[in-house]
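Breakdown of the fold
Here is what each chain is made of, one letter per residue.
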Amino acid sequence: MEKARRGGDGAPRGPVLHIVVVGFHHKKGCQVEFSYPPLIPGDGHDSHTLPEEWKYLPFLALPDGAHNYQEDTVFFHLPPRNGNGATVFGISCYRQIEAKALKVRQADITRETVQKSVCVLSKLPLYGLLQAKLQLITHAYFEEKDFSQISILKELYEHMNSSLGGASLEGSQVYLGLSPRDLVLHFRHKVLILFKLILLEKKVLFYISPVNKLVGALMTVLSLFPGMIEHGLSDCSQYRPRKSMSEDGGLQESNPCADDFNSASTSDVSHTNLGTVRKVMAGNHGEDAAMKAEESLFQVEDSSKGQEPNDNNQYLKPPSRPSPDSSESDWETLDPSVLEDPNLKEREQLGSDQTNLFPKDSVPSESLPITVQPQANTGQVVLIPGLISGLEEDQYGMPLAIFTKGYLCLPYMALQQHHLLSDVTVRGFVAGATNILFRQQKHLSDAIVEVEEALIQIHDPELRKLLNPTTADLRFADYLVRHVTENRDDVFLDGTGWEGGDEWIRAQFAVYIHALLAATLQLDNEKILSDYGTTFVTAWKNTHNYRVWNSNKHPALAEINPNHPFQGQYSVSDMKLRFSHSVQNSERGKKIGNVMVTTSRNVVQTGKAVGQSVGGAFSSAKTAMSSWLSTFTTSTSQSLTEPPDGKP
């Protein structure tokens, strides 16, 4: 992966750029205490100075609320230095130790506990692999009980670069620690909803504590997209850090333009109580640090460097790697008028030719659901640079250019990055947060994923309709859940399990997205697309990632069956699936579940099947069930008379 190996900051060759120690100071808050090599060339290893692009590094490596846990792990993304190059991938291992246990106690240690994180900044997204190595070293570093002993950290830097110098981004080591199997067991059929949410490039916020559960769930979802972890995140952190108060003040005095925009205006954070912000920040970062964070939360960012949208109609021009200054005007590489351009007749003819490669007789429309049995990835994948996306793509155009042009992937967001949620240069995000302030401001995201409860809160009713699973989608999700749950106890006893395992699940999603892409190339594809959701596909075709993909030729799709892997006639088993899905997701279904729990509790507590409390519970259950079933019967009878169209 040549792009990931470019070192524009003068760092020596190797995937690891820096080893950093971040500590908590009782007056200064989170700060860098050690870096090797120094973050800024020429500075000492103990310098606290940070590059402007990485000013949030201390708050990412030492997460908010970390004092509530003895140890934690953080995955985070940093923007490239000087606006050039690719995403910098950060892995941080946090621990805390009692101050009285230290052999050497420095003068500035005034609290009962010492909180520090050891962090690796890498060019390669080897999250789990780096985490495994880093956890061992962090444990050894703390066991020294003398944080001035930094030789072990320098040895870690040399060892990682020597052992990972020829590391490849193909193979299972990329996915170490990311388990789609656990994800399916937890979210069940909702995994497909998460998958489609990201395809639509919506603003998706994951929420849970501690951070290791957060970043694990988020990155596992992304691993379901073919090639995304390996080659699709190189532009995922192209954002502009907020300027300091002094710099903003100087800019505002010299450029008092009424048209200057607010990156995070006070209206965007109107629901945030200042006292709450101060209290939350003080919990981990001290009162002084809390005041600084509070001030930065409401700073105004000057946009005099912002560029006006360029309307040169050069939508097929291969873009340079987007920088913070250009991302505002380069959100879209393809203009909507591309559909009317006469120069694209050749591409339209190609689509027609590809369509003819799929004879209608070859795949009966009413065949039984297809049992997907893809083979394991052998690692022999030919990659070529995408002319439009700038990403390294395979023969099917994977990975999709989702995390490009201002669509961010931030596995963990610090409170200091809150302004990014409303920044005009950010068109969307998949982000993770542990601070409740992110979750409370629901207007800043399209969906909030409560990881602990496996709950997806989608605020817009129209978006909920778009993502309502079709019958074929429910079959697909049920197929995944059944294979994962049936083999839950014994599939990996000998380490050779395939069906129902992590790689198998990723292969299923690869088949799904390949078939979906092939279906969009068909001319008479209304019936085919209805199995994926007609309204969903229509919305997806308007996204940046689909337009970039559709601007290139992908002859390999000629070998892909465009039908939904689980298309087929509606049956009684489908009614059961729909019923189960409705019970788990509708408000009435949740009420039924609560009533049944209450009934069981009353029976156990009283030891009798009769009585006022039990009778009342059964009466309540009967009323709720009758009301819910009447609604369900009506909706089911309608769906039986119409083919699936994305709104089953």
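Above this text you will find the structure in question.
Read on for a plain summary of the structure. If you're wondering where the values come from, they're calculated on a predicted model, not measured in any experiment. (Residues numbered from 1 in each chain as written. Predicted model: local features only at pLDDT ≥ 70, side-chain atom pairs only at ≥ 80, totals over all residues. Heavy atoms only, no water.)

1. Overview of the pairing of strand β3 (residues 71–78)
With seven of eight residues buried, β3 lies mostly within the body of the structure. As defined by bridge partners, β3 adjoins strand β4 (residues 88–98) across eight bridges and the pair is classed as antiparallel. In the sheet register, His77 faces β4, and the bridge partner there is Phe89. (Buried < 20%, exposed > 50% of the residue type's maximum accessible area, 1.4 Å probe, protein only. Helix = DSSP H or I, 4+ residues; strand = E, 2+ residues; numbered from the N terminus. Pairing = 2+ DSSP bridges.)

2. Observations concerning helix α6 (residues 211–222)
Structurally, the α-helix is built with 3.6 residues per turn, so residues lying three or four positions apart point the same way. A rise of 1.5 Å per residue sets the reference length of α6, with its twelve residues, at 16 Å; its end C-alpha atoms lie 17 Å apart and thus fit the reference within 8%. Burial within α6 is extensive, with ten of its twelve residues counted as buried. Among all positions of α6, only Val211, Leu214, Val215, Gly216, Ala217, Leu218, Met219, Thr220, Val221 and Leu222 are buried. (Expected span 1.5 Å × (residues − 1).)

3. What to know about the packing of aromatic side chains
Throughout the structure, instances matching the rule amount to 20 aromatic pairs. Centre to centre, the rings of Phe142 and Phe147 are 5.2 Å apart; their planes meet at 75°, and the pair counts as edge-to-face. Phe147 matches Phe142 in its accessibility class, with the two residues each being buried. Ring centres of Phe195 and Phe509 lie 5.0 Å apart, and the angle between their planes is 45°; this geometry places the pair in the tilted category. On the criterion of sequence distance, the pair formed by Phe195 in helix α5 (residues 190–199) and Phe509 in helix α14 (residues 502–520) is long-range, its members being 314 residues apart. (Phe/Tyr/Trp six-rings, centres within 6.5 Å; stacked < 30°, edge-to-face > 60°.)

4. Examining the environment of Ala401
By secondary structure assignment, the location of Ala401 is in the loop between β8 (392–393) and β9 (407–410). C-alpha separation for the pair Ala401 and Gly386, spaced 15 residues apart in sequence, amounts to 9.4 Å. Ignoring anything within four residues of it in the chain, the contact list for Ala401 reads Glu201, Ser389, Leu391, His544, Asn545 and Val548. (Contact = heavy atoms within 4.5 Å.)

5. Remarks on the pattern of salt bridges
Pairing of side chains with opposite charge becomes possible as their charged atoms draw close. Evaluation of the coordinates by the stated rule reveals nine salt bridges. A salt bridge links Lys145 to Glu143, with the nearest nitrogen and oxygen atoms 3.8 Å apart. Among the salt bridges present, the one from Arg427 reaches Glu201, with a minimum N-O distance of 2.7 Å. Of this pair, Arg427 sits in the loop between β9 and β10 (428–433) while Glu201 sits in the loop between α5 and β6 (204–207), and the two are 226 residues apart along the sequence. In this structure Glu201 comes out as buried when scored by relative accessible area, which is 10%. (Salt bridge = Lys/Arg side-chain N within 4 Å of Asp/Glu carboxyl O.)

6. Thoughts on the sheet that holds strand β2 (residues 29–36)
Here we have five strands laid out as an open sheet, ordered β2-β1-β5-β4-β3, and antiparallel in their pairing. Lying at the two open borders of the sheet, with one neighbouring strand each, are β2 and β3. Here the average twist between neighbouring strands, direction ignored, is 25°. In this sheet, β2 lies alongside strand β1 (residues 16–25) in antiparallel orientation, the contact comprising seven bridges. Within β2, the residue paired with Val21 across the bridge is Phe34. Contacts between helix α2 (residues 127–143) and the sheet are confined to β1, β3, β4 and β5 (113–122), with β4 contributing the most and set at about 30° to the helix. Its contacts with the sheet place helix α3 (residues 151–163) against β1, β2 and β5, and it is angled at close to 150° to β1. (Axes fitted to C-alpha atoms, helices over the stretch in contact; angles between N-to-C directions.)

7. Examining the side chain of Thr470
When you line up the elements, Thr470 lands in the loop between α12 (461–467) and α13 (471–486). When its relative accessible area of 1% is taken as the criterion, Thr470 is described as buried. Of the polar contacts made by the side chain of Thr470, one reaches the backbone oxygen of Asp531; its length is 2.5 Å. (Polar contact = N/O pair within 3.5 Å; in protein donor to acceptor, adjacent residues only side chain to side chain.)

8. Remarks on the nonpolar core
Leu57, Leu121, Leu199, Phe206, Leu233, Phe403 and Trp540 are the most contacted members of the largest nonpolar core, which totals 148 residues. Top element by residues in this core is α14. It accounts for ten residues. Ignoring any residue separated from it by four or fewer positions in sequence, one finds Leu199 in contact with Phe225, Leu400, Ile402, Ile513, Leu516, Phe536, Trp540, Thr543 and Asn545. (Core = buried A, V, L, I, M, F, W, Y, C linked by side-chain atoms within 4.5 Å.)

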